[in-house]
Amino acid sequence: MNNFLKRIARVLPDDILFGESFRHAKKIDLSFKESKDKIDFVSSYKQEKLKTLLRLAAKTKFYEYLNDVPIEIEKVPFINKEIVLNFFDQMIIEKSGADYVTTGGTSGKPLGFYINKNRKGFEWFWMTNNWSKVGFTLEDYRAVLRNHKLKSKRFLIDPLVREFRYNNFSLNDSYIDFVIEHSLQNNIKFLHAYPSAAYMVAKRIKKMKNKFSFNTFLCGSETVFPFQKELIQNELKIRMYSFYGQTEKLILAGEEAFCENYHSNPFYGITEVIDESGKVVKTPGVLGELVGTGFINTKMPFIRYKTGDISEYVGETCPNCGFIGVTFKNVQGRKGDKIYKSDGSAITTTALNLHGDIYNYIDNMQYFQDKIGELEIRVIPQKGFNTSIKNKLLIKK
């Protein structure tokens, strides 16, 4: 859909514009808010969704053993990326009504899988519901510094989701100054960015004493470090709101207005924190790996998927704000490693994620840099890898 049509479509009510799955999520949220016993509402919802998901998964060859297993998540073994890659075909329920998507592959072979086409409205509701804790509304525009690479223009506008998209692959001082000034001219209050990119903007604001319009940075997809929050939130007084999720749509968690723990959304999926022996952590303060079971994907379900991300378990509810759902903090993973270009600008390896069928021709992949302006991409090719695929991997200076 081009921007002209998007502008026309944007006059529609959000419930119509973002589809049936958006309305479904909104209905769940309203029912929860109106419920008298919220803990029971969450528990009943999760049990019903899990029962449906396990019965659906049992139709696949990989999960067919679930036909003989009680409907209890603890009875289901953990899986990880390697298991999905090895048993890919056996885990698919159906491809009809599904998209094929891939995760990023900055190190190792990326993961591809099938997922419902109608997922976007559901996720958009819950993502923006998170952001609403710090004042965001669907009427607000955002400045976005994530994985957009603009060839010629300095920015693009997407009126459908109200985004000013900037080039995250050109973060030198001059361009960052442009982003700050352009956002100021358009009175943009929210910067949606990787934490590392948000930090680069914040450093420039402090160094140049730039005037700025931002009151909130919406940050996800990388580890948030204390030094980043110190500058952004404590020195510049810009709220650094952090959220956690993944392409696989298993766990979605975000902070609250006055609480900076991560609160997992119980209507999005089941979140667990496990120790090295595979036992579910129940003691606050203990570190463990985040494990997710997503409710969204009914085309190729992932049940008890080990994310590889480590966090500190806080509780089944948040002791600080009373949020009902698995609560954690201090997520360690998805580090914001930087690649440095010849002009002195930097981009993060997160932004280099290549989503698409290109990964069908690569068995494994790694970025390596020992000289500014030059990046070595190390791949283990699969059958079909050719010059055309190689050229798609090339990153210009």
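What comes next is a walk through the structure. Predicted, not measured: the structure shown is a model, and the values here were computed from it. (Residues numbered from 1 in each chain as written. Predicted model: local features only at pLDDT ≥ 70, side-chain atom pairs only at ≥ 80, totals over all residues. Heavy atoms only, no water.)

### Topic: the overall build of the protein
Then step 1. Assigned secondary structure in the protein consists of ten helices and 18 strands.
Then step 2. For the protein, buried positions account for 52% of its 397 residues.
Then step 3. Restricting to contacts in the protein with at least 6 residues of sequence separation, those with at least 24 account for 59%.
Then step 4. A total accessible area of about 19300 Å² is found for the protein, and carbon and sulfur atoms account for 51% of it. (Helix = DSSP H or I, 4+ residues; strand = E, 2+ residues; numbered from the N terminus. Buried < 20%, exposed > 50% of the residue type's maximum accessible area, 1.4 Å probe, protein only. Contact = heavy atoms within 4.5 Å. Areas by Shrake-Rupley, 256 points an atom, 1.4 Å probe, with all protein chains shown as cover.)

### Notes on the pairing of strand S3 (residues 142–145)
Then step 1. Where burial is concerned, the two faces of S3 agree: the one with Arg142 and Val144 and the one with Ala143 and Leu145 are both buried.
Then step 2. Sheet topology places S3 next to strand S5 (residues 163–166); three bridges connect them, and they run parallel. For valine 144, the partnering residue across the bridge sits in S5 and is arginine 165.
Then step 3. Two elements, S3 and strand S6 (residues 190–193), share four bridges in a ladder whose sense is parallel. Among the inter-strand pairings, valine 144 is bridged to a residue of S6, identified as histidine 192. (Pairing = 2+ DSSP bridges.)

### A short note on the sheet that holds strand S14 (residues 324–332)
Then step 1. Strands sit in the order S4-S5-S3-S6-S7-S8-S9-S10-S14-S13-S12-S11 across an open sheet of twelve strands; the sheet is mixed. The open sheet has two edge strands, strand S4 (155–158) and strand S11 (269–274), and neither has a second partner.
Then step 2. Relative to strand S8 (residues 239–244), helix H9 (residues 226–235) is tilted by about 135 degrees, and along the sheet it contacts strand S7 (216–219) and S8. (Axes fitted to C-alpha atoms, helices over the stretch in contact; angles between N-to-C directions.)

### Quick word on unusual backbone geometry
Trans is the prevailing form of peptide bonds, just as negative phi is the prevailing case for residues other than glycine.
Then step 1. Phi is positive for lysine 249, which is not a glycine, with a value near 60 degrees.
Then step 2. Position of lysine 249 relative to the elements: it lies in the loop between S8 and strand S9 (253–254).
Then step 3. Not every positive phi belongs to a glycine, and arginine 304 is a case in point at roughly 55 degrees.
Then step 4. Relative to the helices and strands, arginine 304 is located in the loop between strand S12 (287–294) and strand S13 (305–317).

### Focus on a nonpolar patch on the surface
Then step 1. A cluster of nonpolar side chains, contributed by Phe4, Leu5 and Ile8, occupies part of the molecular surface with about 310 Å² of accessible area.
Then step 2. Along the chain, leucine 5 falls in helix H1 (residues 3–9). (Patch = residues over 30% accessible without salt bridge, like charges linked within 9 Å, V, L, I, M, F, W, Y side chains within 5 Å. Salt bridge = Lys/Arg side-chain N within 4 Å of Asp/Glu carboxyl O.)

### Some details on the pairing of S12
Then step 1. Taken across its eight residues, S12 has seven buried, putting it largely inside the fold.
Then step 2. With six bridges connecting them, S11 and S12 associate as antiparallel partners. Looking across to S12, one finds that isoleucine 270 is bridged to threonine 293.
Then step 3. Sheet analysis places S12 next to S13, joined by five bridges and oriented antiparallel. Looking at the pairing, glycine 292 lines up with tyrosine 305 of S13.

### What to know about the pattern of salt bridges
Then step 1. Taken as a whole and judged by the stated rule, the model has 22 salt bridges.
Then step 2. Residue lysine 133 pairs with glutamate 256 through a salt bridge whose shortest N-O separation is 3.1 Å. Remark: glutamate 256 occurs in the loop between S9 and strand S10 (262–264) and lysine 133 occurs in the loop between helix H6 (119–131) and S3; sequence separation between them is 123 residues.
Then step 3. Taking the relative accessible area as the measure of exposure, glutamate 256 reaches 16% and is therefore buried.
Then step 4. One salt bridge in this structure joins glutamate 163 and arginine 142, with 2.7 Å as the shortest N-O distance. Residue glutamate 163 is found in strand S5, and its partner arginine 142 is found in strand S3; the two are separated by 21 residues along the sequence. The exposure classification of glutamate 163 matches that of arginine 142, with both residues buried.
Then step 5. One continuous salt-bridge network, built from bridges that share partners, spans Lys6, Arg142, Asp158, Glu163 and Arg165.

What is shown is where atoms sit, not what they do.
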